[in-house]
Amino acid sequence: MADCSDRAARVVAKQLDRNEVDAAAAKLAECWMAYTSRVDATTAGAAAGNVEQPRFSRFAHKVKEFERRGTGADLTLQYNRSQRSVYIDSFEIR
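This report concerns the structure included in the present document. (Residues numbered from 1 in each chain as written. Predicted model: local features only at pLDDT ≥ 70, side-chain atom pairs only at ≥ 80, totals over all residues. Heavy atoms only, no water.)

**Points about the overall build of the chain**
Argument step 1. Helix and strand counts for the chain stand at three helices and two strands.
Argument step 2. Secondary structure elements of the chain, listed N to C terminal, follow the sequence α-α-α-β-β.
Argument step 3. Taking all 94 residues of the chain together, the buried fraction comes to 35%.
Argument step 4. Considering only contacts within the chain whose residues lie at least 6 apart along the sequence, 50% involve residues at least 24 apart. (Helix = DSSP H or I, 4+ residues; strand = E, 2+ residues; numbered from the N terminus. Buried < 20%, exposed > 50% of the residue type's maximum accessible area, 1.4 Å probe, protein only. Contact = heavy atoms within 4.5 Å.)

See the structure below:
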């Protein structure tokens, strides 16, 4: 399983601040795939990309918390809304 811990979030934040975009993007993508690609057949209307979303969301928000905005590259999260929740739909590194 991917390491998407607080420690890993700090590493990604530092990579962003140092403009190490490829390394940061790879780790974000690894956690995105590890925590958003499962389908829970017992959940009515469950879609791939939303079942394990809270775990990725926590990781992504930690990265944003640890990074220094305006220094190096910055992480931007795009959200979407379903009938029951708001979730991260995608992310962008600028």
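Next comes the rest of the description.
**Structural notes on the pairing of strand β2 (residues 86–93)**
Argument step 1. As paired elements, strand β1 (residues 75–81) and β2 share seven bridges and run antiparallel to each other. Paired with T76 across the strands is E92, a residue of β2.
Argument step 2. Linking β1 to β2, which pair antiparallel, is a turn of four residues. (Pairing = 2+ DSSP bridges.)

**Some details on the side chain of D17**
Argument step 1. With respect to the helices, strands and loops of the structure, D17 is situated in helix α1 (residues 6–17).
Argument step 2. Not counting chain neighbours up to four residues away, the residues in contact with D17 comprise E67, R68, T71, G72 and A73.

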